[in-house]
Amino acid sequence: MAEESHRSSAAEISVTSNGELDQNPETVFQRDPSPSSPGALNLSDSCVASSNFASTTEGIIESGPFKGSASLPSSPVAPVAPSSAVASRLARSMSDSQADKGETKAQPESGAVVLSDDVKNPAMEKLDLVRKWSINTYKCTRQILSEKLGRGSRTVDMELEAQIEILRDNKRKYQHVIKLAQMLANQLSQMMQTQRQLGDAFADLSLKSPELHEEFGYNAETQKLLAKNGETLMGAITFFISSVDTLVDKTIEDTMLNIKQYEFARIEYDAYRTDLEELNLGPRDATTMPKIEQSQQQFQIHREKYERMRNDVSIKLKFLEENKVKVLHNQLMLFHNAIAAYYAGNQEQLEQTLKQFHIKLKVPGGDNPSWLEEH
């Protein structure tokens, strides 16, 4: 009974009328020390740490330094929990303080820059381009292999394909003509060099042989005249080679580049057409319908590209044919008239041919063959 009276007196907490703790040191945890009770504790220095209610050990009373007797009481004093009114008031005050701290921390964040979803990462763009290129390359490679193996179908424009094949064959033939004309020019240049040397030799013998002065002189003049006419013919042949080479390597080659782009567009069109046909043959459910719609969009895009490239190539071939006829007509007339006049020995007609096509020769220097110019 004595122990119970000690516990009850030690555990009393004075509370005011409004539910707050009475902080009077004379009334909070007051116990009169008695010499007859050596184990009595002086708990007047004990205090309730309000900050501890916000910690993980809520409701634990933190006591100050022990100032009582050195001897421990026979029964320890149990920790006392605060009243519910005090705990509720402390919880409300702590929630208000945390809300204030949250507002204070949120203020500097209000000025933060937020990137919108529209801003794309360059690395992601490159990755997306590589992915699209890989898919397109795979589809086109599969289409080419299936066509070579005779398993896949291809779109063919018979009229356009025939025109393209004729152009390729003509290109090869024009290149062969250019090669032969260059061989003729080289041989003519060597012959002119020999004729000059022969004319110089006849002229020297004409001076050193009085009895054959006229005969050597005639031959010297003939060889020099042939060499001069050869230079005029050389100018015509060189101009012919240059014009035909420009037609083949620039005009026709530019059209061939458009043809290559058209053929690649055709392969893409057939590849996506085949892919769409395979999807249409399969089941139609919630999983395959988005794929079919996407494949239909890609097919339509490449179909428009293919038709646009086909029209461009048709127009290019039409203009190329007109330009080719005009250029080759003039060049072939030049080549024929120059060759005929040269071998006929008609120097006047040969020079007239060059004037007709606005070709003039530079003044020859030494033994080097002269080159031509166009007005």
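Quantities reported herein were computed from a predicted structural model and do not represent experimental measurements. (Residues numbered from 1 in each chain as written. Predicted model: local features only at pLDDT ≥ 70, side-chain atom pairs only at ≥ 80, totals over all residues. Heavy atoms only, no water.)

**What about the overall build of the protein?**
Item 1. Scanning the protein from N- to C-terminus turns up 7 helices and 2 strands.
Item 2. Reading the secondary structure of the protein in the N-to-C direction produces α-α-α-α-α-α-α-β-β.
Item 3. Looking at the 375 residues of the protein, the share that counts as buried comes to 27%.
Item 4. When contacts within the protein are restricted to residue pairs at least 6 apart in sequence, long-range pairs at least 24 apart make up 69% of them.
Item 5. Counting only carbon and sulfur atoms, one obtains 56% of the accessible surface of the protein, whose full area is about 25,500 Å². (Helix = DSSP H or I, 4+ residues; strand = E, 2+ residues; numbered from the N terminus. Buried < 20%, exposed > 50% of the residue type's maximum accessible area, 1.4 Å probe, protein only. Contact = heavy atoms within 4.5 Å. Areas by Shrake-Rupley, 256 points an atom, 1.4 Å probe, with all protein chains shown as cover.)

**Considering the packing of aromatic side chains**
Item 1. In the structure shown here, the tally under the stated rule is 6 aromatic pairs.
Item 2. Pairing Tyr269 with Tyr306 gives two aromatic rings, centres 5.0 Å apart and planes at 5°, and the pair type is stacked. Of this pair, Tyr269 sits in helix H5 (residues 213-281) while Tyr306 sits in helix H6 (residues 288-344), placing them 37 residues apart in sequence.
Item 3. With relative accessibility at 3%, the residue Tyr306 sits in the buried group.
Item 4. Here Tyr342 and Tyr343 contribute two aromatic rings whose centre-to-centre distance is 4.9 Å and whose plane-to-plane angle is 85°, an arrangement assigned as edge-to-face.
Item 5. For Tyr343, a relative accessible area of 61% gives the class exposed.
Item 6. Clustering of aromatic rings is evident, with ring pairs tying together Tyr262, Tyr269, Phe299 and Tyr306. (Phe/Tyr/Trp six-rings, centres within 6.5 Å; stacked < 30°, edge-to-face > 60°.)

**A closer look at the environment of Tyr342**
Item 1. One can find Tyr342 in helix H6.
Item 2. When sequence neighbours within four positions are dropped, the list of residues in contact with Tyr342 reads Leu188, Met191, Gln195, Leu226, Asn229, Gly230, Leu233 and Leu350.

**Let's talk about the pattern of salt bridges**
Item 1. All chains considered together, the criterion is met by 14 salt bridges.
Item 2. Put simply, Lys173 and Asp169 hold a salt bridge, and the shortest N to O gap is 3.1 Å. Highlighted residues: Lys173 and Asp169, both in helix H4 (residues 158-208), separated by 4 residues, approximately one helical turn.
Item 3. Using a relative accessible area of 48% as the deciding quantity, one classes Lys173 as partly exposed.
Item 4. For Lys305, the salt bridge goes to Glu268, with nearest N and O atoms at 3.2 Å. Of this pair, Lys305 sits in helix H6 while Glu268 sits in helix H5; the two residues are 37 residues apart in sequence, bridging distant segments of the chain.
Item 5. For Glu268, a relative accessible area of 5% corresponds to the buried category.
Item 6. Within the structure, one salt-bridge network assembled from shared partners comprises Arg266, Asp270, Arg273 and Glu277. (Salt bridge = Lys/Arg side-chain N within 4 Å of Asp/Glu carboxyl O.)

**A word on the side chain of Asn337**
Item 1. Structurally, Asn337 is set in helix H6.
Item 2. Polar side-chain contacts of Asn337 include one of 3.2 Å to the side chain of His336.
Item 3. Those residues within four positions of Asn337 in sequence are excluded, and the remaining contacts are Thr353 and Gln356. (Polar contact = N/O pair within 3.5 Å; in protein donor to acceptor, adjacent residues only side chain to side chain.)

**Focus: the packing of helix H3 (residues 122-148) against H5**
Item 1. Contact pair H3 / H5: the axes reach a minimum separation of 9 Å and the direction vectors enclose 90°. The angle between H3 and H5 places the two elements in the roughly perpendicular class. Residues Asn136, Lys139, Cys140, Arg142, Gln143, Ile144 and Glu147 of H3 form the contact with H5, whose own contacting residues are Phe264, Arg266, Ile267, Glu268, Asp270, Ala271, Tyr272, Thr274, Asp275 and Glu278.
Item 2. Looking at side-chain class alone, the contact of H3 with H5 contains 6 nonpolar, 3 polar and 8 charged residues. (Axes fitted to C-alpha atoms, helices over the stretch in contact; angles between N-to-C directions. Parallel < 35°, antiparallel > 145°, perpendicular 65-115°, else oblique. Nonpolar A, V, L, I, M, F, W, Y, C, P; charged D, E, K, R; others polar.)

Remember that the coordinates give geometry; whether it matters functionally is a separate question.
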